[in-house]
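# Examining the three-dimensional arrangement
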Amino acid sequence: MSSICFSCGSDCESQRNPSSDSTFYVCPICGRFELNAFKVHELDYNKLASYLLYNGFHDSNNSSVIEYRYHTNMDKEKCKKYADAFNSGDKSHSYPVYMDSDIIENWYPKTFTERIDYILLYINKRTKHIGQAIPWSFQETLSALFIDRYDVSVDPNCPNTNKQEKRDEDDCETEATYMLDCLVQNSLIKYTPGPDSDESIYISLTPEGYNRIDILQKDLSHGHIALVAMKFGNETVKLREAVRRGISNAGYVAIFIDEVQHNDFITPELLKHIQDSKFVVADLTHQNNGAYFEEGYAMGLGKPVIQLCKKGVDLHFDIAQKNTIIWETEDEIPSRLTARIKATIN
């Protein structure tokens, strides 16, 4: 049915599931996502819209390519259940990609300069031809420029819950214009006057903007992702979550290649994620050949690699001398991994 996107406010399609008290949205700006009503208050509404815009899953214009992925804040256990079913051939429920406040916060740009870099890369992604002026709707503009749609304060009636009130649209427009003018003053873009809620604006990159993008694309490790190389399976679920938590607590997003849906062969997709990662975490407990390969490829690119291994396992002689986090139980991994990341990763 037609409705308004919970995240960005655009016209979209939605479908409510009463049994789980969740709503599934298909939004032209935010893509395919599901929100559980009981857990939605845990999310930062301001950051959610930008996160979905930059990372969203959109239905393909190609009728032969079906997009099964969607973001969701449902419980991790349900995500795993549906993902396992999908990977076993049952596509009736599509493929959930878990998101929560920590994942969104870790992805979100931490500095003004980083925000500018994200914006430029997004403009470039939207631009098919050099110098082309791309139309942006008001809602896309707000999300792409990281404009807050809400004023957040502590709810006096519930101290542990944030109160999120809609900002005046004129205030959002003023902030968006400020960001656009900043990009113009730094000779990175050109744009038509605006934005406002009634018409699109047109944005194009300048030669200086393209030069900045070239620099960014040569060093894609400016972001907040870290690929994890390890053995995957039911016996390593606890290890996986311990590593994920250690990376998340350090302010980064862990990427496990078996959780990434793609249309390419696994090796090119894997190598791309290593190239895009700030660093790589490799657990060599199971002496998995893939993990050794991924660590070697990362080291060849000059990426920092944090090595883990369970006590009592002999490492290959080529890397046995490398400083390694030796663990006895998975419970000790998160704190030790977080400390190592903070001490060694810029």
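Before reading on, note that the structure itself is shown above.
The residue count restarts for each chain, going from 1 along the sequence in the order it is written. Where totals are concerned, whole chains, interfaces and linings use all residues; where local detail is concerned, this predicted model gives features only for residues with pLDDT of at least 70, and gives and counts side-chain atom pairs only at 80 or more. Hydrogens and waters are ignored; side-chain quantities use all the structure's heavy atoms.

The cut-offs for exposure are 20% and 50% of the maximum accessible area for each residue type, with area from a 1.4 Å probe on protein chains only; residues under the lower value are buried, those over the upper are exposed, and the others partly exposed. Secondary structure counts use DSSP, requiring at least four H or I residues in a row for a helix and at least two E residues in a row for a strand, with both numbered from the N terminus. By the criterion of burial, strand 12 (residues 225-229) is predominantly enclosed, with four of the five residues buried. Strands pair, by our definition, only if DSSP identifies at least two bridges between them. As paired elements, strand 12 and strand 13 (residues 253-255) share three bridges and run parallel to each other. From the neighbouring strand, Ile225 faces strand 13, where its bridge partner is Val253. Whether a crossover is right-handed depends on one test, that the path from the first strand over the helix to the second runs clockwise when the strands point away from the viewer. In this view, the connection linking strand 12 to its parallel neighbour strand 13 by way of helix 8 (residues 237-249) has right-handed handedness.

Turning to the side chain of Asp283, a few remarks are in order. Within the secondary structure, Asp283 is located in strand 14 (residues 279-283). Within the buried core, Asp283 has no salt-bridge partner, and the shortest N-O distance to an opposite charge, that of Lys310, equals 9.6 Å. Of the polar contacts made by the side chain of Asp283, one reaches the side chain of Trp327; its length is 3.0 Å. Here Asp283 is in contact with Ala229, Met230, Leu239, Ala291, Leu308, Cys309 and Trp327, once residues within four sequence places are set aside. Charge assignment in this entry is limited to Lys and Arg as positive and Asp and Glu as negative, and neither His nor the chain termini are counted. Here, a salt bridge means any side-chain nitrogen of Lys or Arg that lies within 4 Å of a carboxyl oxygen of Asp or Glu. The term polar contact refers here to a pair of N or O atoms within 3.5 Å; inside protein, the definition further demands a hydrogen-donor-capable atom paired with an acceptor-capable atom, and it admits residues adjacent in sequence only when both atoms are side-chain atoms. Contact between two residues is taken to exist if any of their heavy atoms lie within 4.5 Å; hydrogens are not considered.

For the rest of this paragraph, the subject is the packing of aromatic side chains. We call Phe, Tyr and Trp rings a pair once their centres come within 6.5 Å, taking the six-membered ring for Trp, and we label the pair stacked below 30 degrees between planes, edge-to-face above 60, and tilted otherwise. By the definition in use, this model includes 20 aromatic pairs. A ring pair is formed by Trp107 and Tyr108, whose centres lie 6.1 Å apart and whose planes are at 75°; its orientation type is edge-to-face. Seen from their ring centres, Trp107 and Phe146 are 6.1 Å apart, and the 40° between their planes marks the pair as tilted. Taken as a pair, Trp107 in helix 3 (residues 101-107) and Phe146 in the loop between helix 5 (138-144) and strand 8 (150-155) lie far apart in primary sequence, 39 residues in all. Judged on exposure class, the residue Trp107 and its partner Phe146 are both buried. Above the ring of Tyr108, the side-chain terminus of Lys47 is found at 5.0 Å from the ring centroid. Should the NZ of a Lys or the CZ of an Arg lie within 6 Å of a ring centre and within 35 degrees of the ring normal, that charge is described as sitting over the ring.

If you trace the five strands from one edge of the open sheet to the other, you get 13-12-14-15-16, paired in parallel fashion. What marks the edges here is a single partner per strand, and that holds for strand 13 and strand 16 (324-327). Strand-to-strand twist in this sheet, taken as the mean axis angle between neighbours without regard to direction, amounts to 25°. Inspection of the sheet shows strand 12 paired to strand 14 by four bridges, in the parallel sense. Looking at strand 14, one finds that Ala226 is bridged to Phe279. Every axis in this analysis is a line fitted to C-alpha atoms, fitted for helices over the stretch in contact. Angles between the N-to-C directions lie between 0 and 180 degrees.

Glancing now at the environment of Phe57. Relative to the assigned elements, Phe57 resides in the loop between helix 1 (45-55) and strand 5 (69-72). The class of Phe57 is buried, set by a relative accessible area of 12%. Contacts of Phe57, omitting those with residues within four sequence positions, involve Gly31, Arg32, Glu67, Arg69, Tyr70, His71 and Val97.

What follows concerns the pattern of salt bridges. Evaluated as defined, the whole model comprises 16 salt bridges. Between Glu241 and Lys76 there is a salt bridge; the shortest N-O distance is 3.5 Å. Here Glu241, found in helix 8, pairs with Lys76, found in helix 2 (residues 76-87); they are 165 residues apart in sequence, far enough to count as distant. With its nearest N and O atoms 2.9 Å apart, the salt bridge here joins Arg212 to Asp117. Of the two residues, Arg212 is situated in helix 7 (residues 207-218) and Asp117 in helix 4 (residues 112-126); the sequence distance between them amounts to 95 residues. Since its relative accessible area comes to 28%, Arg212 is described here as partly exposed. Shared partners join several salt bridges into a network, and the residues in it are Lys76, Glu241 and Arg244.

It is worth spelling out the sheet that holds strand 7 (residues 134-136) at this point. If you trace the three strands from one edge of the open sheet to the other, you get 7-11-10, paired in antiparallel fashion. Of all the strands in the sheet, the pair left with one neighbour each is strand 7 and strand 10 (189-191). Between one strand and the next, the sheet's axes are offset by a mean angle of 30°, whatever the strand orientation. Here three bridges tie strand 7 to strand 11 (residues 201-205), and the two strands are oriented antiparallel to one another.

Any functional reading would require information that these geometric values do not contain.
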